[in-house]
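Residue strings, one per chain:
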Amino acid sequence: MQTDNFAAVLEENTLSLNSDMGHSFHNLQKYAQSRFFGQPKTFYCESPFYRPVRPQDIDICLLGNPLSDAELAHPNYLMAQRLLLNIYEQDLVFLPNAAKQFKMADLKEFYAPELVAQGRSVRPPLEKFAFDWLEKKVHVGGAWKLDAFTFYTNQVLSDIEGSDSTLYKKLTGSADPRRAAQFFLIQCAGDFLAEASAMGRNVLGNFGPHTSELFKIFIDEYGYGVHEKKHSTIFEQMMKQAGLSADIHYYWQFYTASSIALINYFHYVSANHGSFFRYIGALYYTEASLAFTTKAQSQAIRDIFNGEVSTRYFDEHTHIDVHHGRMALEKLIIPMVEQYGEAILPEILRGFEEFRVLQSVADDDLYAHIAWHDQLDQLKQEAAGLKARSVPDMFFTEPMGELSVTHCHPVDELFCVEEGQVEFIASPMQSIVLSAGDGIVIRAGMLHGSKVLSDQCKYSVSGV
Amino acid sequence: MKIVIHPVNAFNMLSVSDKTYFVNQTAYATQILPTTCPHRQGPLHFGKLSDDGVVIVCPWHENKIQVCNLEKKALPSVKTGDTLHVVTPDEATIRMWREYLPIESRERSHEA
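Counting starts from 1 at the beginning of each chain's written sequence and moves along it residue by residue. Here the convention is simple: chains get letters from A, ligands get numbers from 1, in the order in which they are written. Note on the predicted model: pLDDT of at least 70 is required for a residue's local features to be given, and 80 or more for side-chain atom pairs to be given and counted; whole-chain, interface and lining totals, by contrast, use all residues. As a convention, hydrogens and water are excluded, and side-chain values are obtained from all of the structure's heavy atoms.

**Q** When you look at the interface of chain B and chain A in this model, what are you seeing that I'm missing?
**A** The interface of chain B with chain A comprises 20 residues on the first partner and 20 residues on the second. Accessible area that two parts lose when put together, evaluated with a 1.4 Å probe and summed over both, is termed the buried area. Here chain B meets chain A over a buried area of about 1700 Å², counting both sides, of which 63% is carbon and sulfur. If you sort the residues of chain B by the area they bury against chain A, B:Met1, B:Tyr28 and B:Val78 come out on top, with a joint share of 34%. One speaks of a salt bridge when a side-chain nitrogen belonging to Lys or Arg is within 4 Å of a carboxyl oxygen belonging to Asp or Glu. Run the count over chain B and chain A and you get zero salt bridges. Residues count as neighbours in contact if any of their non-hydrogen atoms are within 4.5 Å of one another.

**Q** Quick question: what am I supposed to make of helix H12 (residues 257-271) of chain A here?
**A** Two residues of an α-helix separated by three or four positions point the same way, owing to the 3.6 residues in each turn. All names here are of chain A. The helix count covers DSSP runs of H or I at least four residues long, the strand count covers runs of E at least two residues long, and both are numbered beginning at the N terminus. In this analysis, the expected span of each helix is defined as 1.5 Å times one less than the number of residues it contains. In this model H12 runs 20 Å from its N-terminal to its C-terminal C-alpha over 15 residues, within 8% of the 21 Å that 1.5 Å per residue would give. Values of bend correspond, residue by residue, to the angle between axes fitted over the seven residues ending at that residue and the seven starting there. For H12, the principal kink sits at Ile-263 and spans about 30 degrees. Of all 15 residues in H12, 14 are buried; the element is thus mostly enclosed. Type-normalised accessible area, obtained with a 1.4 Å probe on protein chains alone, sets the label of each residue: buried when under 20%, exposed when over 50%, and partly exposed for intermediate values.

**Q** Can you walk me through the packing of helix H3 (residues 75-89) of chain A against helix H5 (residues 113-137) of chain A in this structure?
**A** Working note: a packed helix pair is described by the angle between its axes plus the distance between those axes. Residues and elements named next belong to chain A. Axes here mean lines fitted to C-alpha atoms, for a helix over just the part in contact, with angles spanning 0 to 180 degrees between N-to-C directions. Where H3 contacts H5, the axes come no closer than 9 Å and their chain directions differ by 135 degrees. As summarised for this structure, H3 and H5 are arranged oblique, according to the angle between their axes. Relative to H5, the crossing made by H3 is left-handed. From H3, Asn-76, Tyr-77, Ala-80, Gln-81, Leu-83, Leu-84, Ile-87 and Tyr-88 reach across to H5, where they touch Gly-119, Arg-120, Val-122, Arg-123, Leu-126, Glu-127, Phe-129, Ala-130, Phe-131 and Trp-133. Gly is placed with the polar residues, together with every amino acid not listed as nonpolar (Ala, Val, Leu, Ile, Met, Phe, Trp, Tyr, Cys and Pro) or charged (Asp, Glu, Lys and Arg). The class makeup of the residues in the contact of H3 with H5 is 12 nonpolar, three polar and three charged. To sort the angles, those under 35 degrees are grouped as roughly parallel, those over 145 as roughly antiparallel, those from 65 to 115 as roughly perpendicular, and the leftovers as oblique. If you view the pair so one helix is near and one far, a crossing is left-handed when the near helix is turned anticlockwise from the far one by less than a right angle, and right-handed when it is turned clockwise.

**Q** What is the right way to read the pattern of salt bridges from this model?
**A** Where charged atoms of side chains with opposite charge meet at close range, the side chains can pair. Residues and elements named next belong to chain A. Under the definition given, this model contains 24 salt bridges over all chains. Here Lys-136 ties to Asp-132 by a salt bridge, and the two come within 3.3 Å at their closest N and O atoms. Of this pair, Lys-136 and Asp-132 both sit in helix H5, separated by four residues, roughly a single helical turn. Classification of Lys-136 as partly exposed rests on a relative accessible area of 37%. A salt bridge links Arg-178 to Glu-308, with the nearest nitrogen and oxygen atoms 3.6 Å apart. One end of the pair, Arg-178, is in helix H8 (residues 177-192); the other, Glu-308, is in the loop between helix H13 (276-304) and helix H14 (312-340), with 130 residues separating them in the sequence. Note on Glu-308: relative accessible area 52%, which makes it exposed.

**Q** What's the story with the nonpolar core in this structure? I'm lost.
**A** Across soluble globular proteins, you tend to see nonpolar side chains buried next to one another. Residue and element names in this part refer to chain A. Buried Ala, Val, Leu, Ile, Met, Phe, Trp, Tyr and Cys residues form a nonpolar core when they are joined through side-chain atoms within 4.5 Å. Within the largest apolar cluster, 130 residues are counted, with the highest numbers of intra-cluster contacts made by Leu-83, Trp-144, Phe-149, Leu-185 and Phe-235. Apart from residues no more than four positions distant in its own chain, Phe-235 is found in contact with Leu-185, Cys-188, Ala-189, Phe-192, Leu-193 and Tyr-313. Of all hydrophobic cores here, the second largest spans 22 residues; its members include Val-417, Ala-426, Leu-434 and Ile-440.

**Q** Explain the side chain of A:Asp220 here, please?
**A** All names here are of chain A. Locating Asp-220 in the fold gives a position in helix H10 (residues 209-221). Note on charges: Lys and Arg go in the positive column, Asp and Glu in the negative column, and His and the chain ends are not counted at all. Arg-326 is the oppositely charged side chain nearest to the buried, salt-bridge-free Asp-220, at an N-O distance of 8.3 Å. Within polar-contact distance, the side chain of Asp-220 engages the side chain of Tyr-224 at 2.7 Å. With residues up to four places along the chain from it excluded, the contact list for Asp-220 reads His-231, Ile-320 and His-324. Polar contacts here mean pairs of N or O atoms no more than 3.5 Å apart (in protein, one a potential hydrogen donor and the other a potential acceptor; neighbouring residues in sequence count only if both atoms are side-chain atoms).

Now the structure itself:
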């Protein structure tokens, strides 16, 4: 999409910036323009190295203008989360499952020191962009004592245990529960197929007996060296039984920004060891709450797939996370407070609360996407009515095969095909063909992409 | 113990039984600080906050009181969005109200 012009504009912008910002922006552009993050041929990523980010959309605001919590539907949020996941995961080892997808050149270039260094150089401003809203939203203040901490966190966890599962209702209440459940599993896949990788960043070094206590949780996650017991392996089986690919990041383009944020937050507080106690708090929240929430997840999968899909992954967590929640509190938090004092409690509670907020945002985003998928036909009809009385803001003409990597818009948008034909994709399980005269209303923040099916396709977009 | 939950902008003063507190809020922190100056119990909530947000100047004797030291006596709280959770003793009587606090009305450069 007009790469030459785009590069010229970026170059002009870069020159007009102060040198530090200009240097960072240059690195960001170079990083995003890597062949691994550029234009793909399909919506699916068969190699774990290919993770498109839409480099043509790189925006200088990513380096200096964080969004508020009301602006998370903005495409820059998705961009920042995608970039950060790429940067963090260059610290991890991935190889494709299928031997035919393995290319030594890919391995060498994805992990090339120059590319890794470019990413690392822009990681701090991207982290600021991606998580500043969270640091403004969650404040932990005052003098926390251990008894107040345990009282407060027990109350939060008890409320979760006692509440009905919204997830169960949303999945089973969808117009297509199977499709909704598959989309839910896809949102989990980015995290669960590389489960506990961020935790691995925290088990190295030496922080006394606490190191060993954390390691006990880690070895449960990693299956004690028995591959079949590794949590990610159990999840792979679930993906396959649900009719989905189990290849890591195969559905990269269909992860919502809020789902990626869950993965990135753990990397964020684990790659920056000054946030170690925030990590411990987030670990406590996730382990203790999963012991409850996985019951409903298991029930939903069981009911929707009529028992054809094993729920062992969720059942395993219902069991082991009772232990992990207890271990996080009794074997990590309390002994660390005894050793380092109650002054560490606000940081631990901050991580606990921050991850809780992120999980809530991701849940709401999932429900919004399920509703959007259910409404596609209706939104096509709505577009027909709007088209007659709207003036397009822009027209685009694209050749056959042109693929628009999935993205989202900050406001509702009317998309209309003027000439030709395009495949409009909202999820791997749902795409519609739009021909000349057809349109659709795209809700703010809803992930979608397109691929031109005719010799060329002219389409218009306008704000609704 | 109990958790008191309240919209954060609905009050800037709080009493827990016989102790009073005021809300000190910036973009990145919300603290429920004791109103009494550790020197001669002057009204810190009527004091001035330094531009960097590090100290409060007591209106009585102009002592500069470190906010980080005051926070050691602050109520344990969690603000999530517009909601504030405060942990207090179970038997405590809680009262919340709004009043004009000069400390709230000035621009705070440390928020930038």
